[in-house]
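Commentary on secondary and tertiary structure
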Amino acid sequence: MSNLEAYLDILNEELRPALGCTEPIAVAFCAAKAKEALGSLPDHVDVYCSGNIIKNVKAVTVPNSNGQKGIEVAAMLGIVGGRADKELEVLNSVTEEDIKLADKLISEKIINVFHEKDVDNLYVRVELSKGTETASCIVKTKHTFVSEIKKNGKVIFKEKDLIGDSRADKSCLNLKDIYNFAKTVDVEKIKPLLKQQVEYNYAIAQVGLKENYGANVGKTLLEVFGEDNVMAKAAATAAAGSDARMNGCALPVVINSGSGNQGIAVSMPLYVYAKEKNVDEENLYRALALANLVSLLQKRYIGDLSAYCGACCAGCSSICGIAFLEGQDYETIGHIIINTASTIGGMVCDGAKSSCAAKIAASVMSGFVAYAQAKNDRSFKPGEGMIVEDIEQTIANFGRMGREGMKSTDEEILQIMLGN
């Protein structure tokens, strides 16, 4: 398979619509699949989750829940009103009656949540029973990857484990080929995906700017810097999308690296900047393709869930797209990544919540500074920290730090969040 085909496969797999934060959605999806297998409402529910799932569900609002949070809410809504065939939009059709029934079942204490250790960072297992009937489902590695379904103790579905974290082969991702892909790809092959990404993500960002969600990070940025500052406007729009998404806005977003926040962060600063500069549609989509793939390149080494905040990758990747729009070369784009990672790389993820919007804003603004450094030959140099001469190896170094070096940080964050 050529890199052209591989990169198209990666974009098609990764850029998917999702309603709400993807970790509670993974719980709801897994629960809905288990309910399908059981065939009726359960009288007992056990949910087993990895630490990263617990961390990312604890403080974020579950969509279509009337503002509620937590694994119990996500699982029960998936069971009562979820549509598993809708995958990341599993809770799209939940009704008020479903919410009332879910609340009633939770109040009856039929559901228990357990921390499952020594499993993938992304792992959910839902076990249901109704009298003598039982059913279970396991989702792991990716938010909608069903590994196994059982009915009455017998395996009725089993999928071969993913290699790495994806069906598409991300081993071919490298900055030079991503740059060439963005330059040469037939835009009609990427336009539908990227058009949907900017339309969905801009819609939720506008809601975040107009209404009050969370800590109103997007609004605050505009109040401080003003709408005439294109950099602040770019950061504010992305932050506002996260403001709304983290606090229950029931609009879908198009994700990147399994994350709606990263999908917003990688697309909105670039889209707003392009609108301000009257960039034509073809070049916008080429730049968006580069930005999305650069973010996926960085997350390839880190993994979808870790203690390393993915906003750092996505925010700076959006600025890489802006540099591409302005005709900058491969080396300059590489130095934007290096400069940003050297500045805020390792910013911790302590779960999905309102402050994700501020981390997005910080990443975007850091990316703009990194770009100014790169195009004025002021980049950080090899030998400083984790930077080496080779751009690809430097990206891999920061990824290794996020995936391996921050494992203990990830575990400690979870213990602190659980009050241990």
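This text gives an overview of the structure that appears in the document.

Cut-offs used in this document
Residues numbered from 1 in each chain as written. Predicted model: local features only at pLDDT ≥ 70, side-chain atom pairs only at ≥ 80, totals over all residues. Heavy atoms only, no water. Helix = DSSP H or I, 4+ residues; strand = E, 2+ residues; numbered from the N terminus. Rg over C-alpha atoms; globule rule 2.2 N^0.38 Å. Buried < 20%, exposed > 50% of the residue type's maximum accessible area, 1.4 Å probe, protein only. Contact = heavy atoms within 4.5 Å. Areas by Shrake-Rupley, 256 points an atom, 1.4 Å probe, with all protein chains shown as cover. Lys, Arg positive; Asp, Glu negative; His and termini not counted. Charge placed at Lys NZ, Arg CZ, Asp CG, Glu CD. Phe/Tyr/Trp six-rings, centres within 6.5 Å; stacked < 30°, edge-to-face > 60°. Lys NZ or Arg CZ within 6 Å of the ring centre and 35° of its normal. Salt bridge = Lys/Arg side-chain N within 4 Å of Asp/Glu carboxyl O. Axes fitted to C-alpha atoms, helices over the stretch in contact; angles between N-to-C directions. Parallel < 35°, antiparallel > 145°, perpendicular 65-115°, else oblique. Nonpolar A, V, L, I, M, F, W, Y, C, P; charged D, E, K, R; others polar. 1 Å grid on protein atoms, 1.4 Å probe; cavity = no way out; pocket = protein on both sides within 12 Å on 5 of 7 lines; lining within 4 Å. Points joined across faces, edges and corners; volume = space filled by probe spheres on them. Left-handed = near helix turned anticlockwise from the far one by under 90°.

1. A word on the overall build of the protein chain
Each helix and strand counted, the protein chain has 16 helices and eight strands in total. A globule of 420 residues ought to have a C-alpha radius of gyration of about 22 Å, and the protein chain, at 21 Å, matches this closely. By principal-axis analysis of the C-alpha atoms, the protein chain measures approximately 70 × 45 × 45 Å. Expressed as a percentage of its 420 residues, the buried residues of the protein chain come to 59%. Considering only contacts in the protein chain between residues 6 or more positions apart, those separated by 24 or more positions represent 74%. Here the protein chain has roughly 16,500 Å² of accessible surface; of this, 48% comes from carbon and sulfur atoms. For the protein chain, the separation between the mean place of its 45 positive charges and that of its 54 negative charges on side chains is 2 Å.

2. A look at the environment of D304
One can find D304 in the loop between α11 (281-302) and α12 (311-325). Classification of D304 as buried rests on a relative accessible area of 11%. For the pair formed by D304 and E281, sequence separation is 23 residues and the distance between their alpha carbons is 30 Å.

3. Remarks on the packing of aromatic side chains
Tallied over the full model, the rule gives five aromatic pairs. Taking 5.5 Å as the distance between ring centres and 75 degrees as the angle between the ring planes, the aromatic pair formed by Y7 and F181 counts as edge-to-face. Residue Y7 is located in helix α1 (residues 3-14), and its partner F181 is located in helix α6 (residues 175-184); the two are separated by 174 residues in the primary sequence. According to the relative accessible area criterion, F181 is buried, its value standing at 4%. Geometrically, the ring pair formed by Y48 and F114 is stacked, given 4.9 Å between the ring centres and 20 degrees between the ring planes. Of the two residues, Y48 sits in strand β2 (residues 44-49) while F114 sits in strand β3 (residues 111-115), which places them 66 residues apart along the sequence. R125 extends its terminal NZ or CZ atom over the ring of Y48, reaching a point 4.0 Å from the ring centre. Over the ring of Y371 we find K375, and its NZ or CZ is 4.4 Å from the ring centre.

4. Observations concerning the pattern of salt bridges
Scanning the entire structure with this criterion turns up 18 salt bridges. Here E281 ties to K191 by a salt bridge, and the two come within 3.1 Å at their closest N and O atoms. In this pair, E281 sits in helix α11 while K191 sits in helix α7 (residues 187-210), placing the two residues 90 residues apart along the sequence. K359 is paired through a salt bridge with D350; the nearest N and O atoms lie 2.9 Å apart. Using a relative accessible area of 15% as the deciding quantity, one classes K359 as buried. The class for D350 is partly exposed, based on a relative accessible area of 28%.

5. Description of the packing of α7 against helix α10 (residues 260-276)
Axis separation between α7 and α10 bottoms out at 9 Å; the angle between their running directions is 90 degrees. When the interaxial angle is binned, α7 and α10 end up roughly perpendicular. Note on element contacts: α10 touches α7 through G263, I264, V266, S267, M268, Y271 and K275, opposite Q197, V198, N201, Y202, I204 and A205. Split into classes, the residues belonging to the contact of α7 with α10 amount to eight nonpolar, four polar and one charged.

6. What to know about the layout of surface pockets
Approximately 730 Å³ is the volume attributed to the largest pocket. N52, V119, D120, N121 and D410 are the residues nearest the centre of the largest pocket, which is lined by 31 residues in total. Elements with a minimum of two residues in the lining of the largest pocket: α3 (51-57), α11, α15 (391-405) and α16 (407-417). Looking at the lining of the largest pocket element by element, the count peaks at five residues for α16. In the lining of the largest pocket, the residues fall into seven nonpolar, eleven polar and 13 charged.

7. Focus: the environment of S171
Relative to the assigned elements, S171 resides in the loop between β7 (154-158) and α6. Sequence separation between S171 and R300 is 129 residues, and the spatial gap between their C-alpha atoms is 8.1 Å.

8. Concerning the packing of helix α13 (residues 330-344) against α15
Where α13 meets α15, the axes come as close as 10 Å, and the angle between the chain directions of the two elements is 25 degrees. Classified by the angle between their axes, α13 and α15 sit roughly parallel to one another. Taken as a pair, α13 and α15 cross one another with a handedness that is left-handed. For the pair α13 and α15, contact is made by Y330, E331, G334, I337, I338, A341 and S342 and by I391, E392, T394, I395 and F398, respectively.

9. A few points about the side chain of S50
Here S50 shows up in the loop between β2 and α3. According to the relative accessible area criterion, S50 is buried, its value standing at 2%.

Keep in mind these numbers describe shape, not what the thing actually does.
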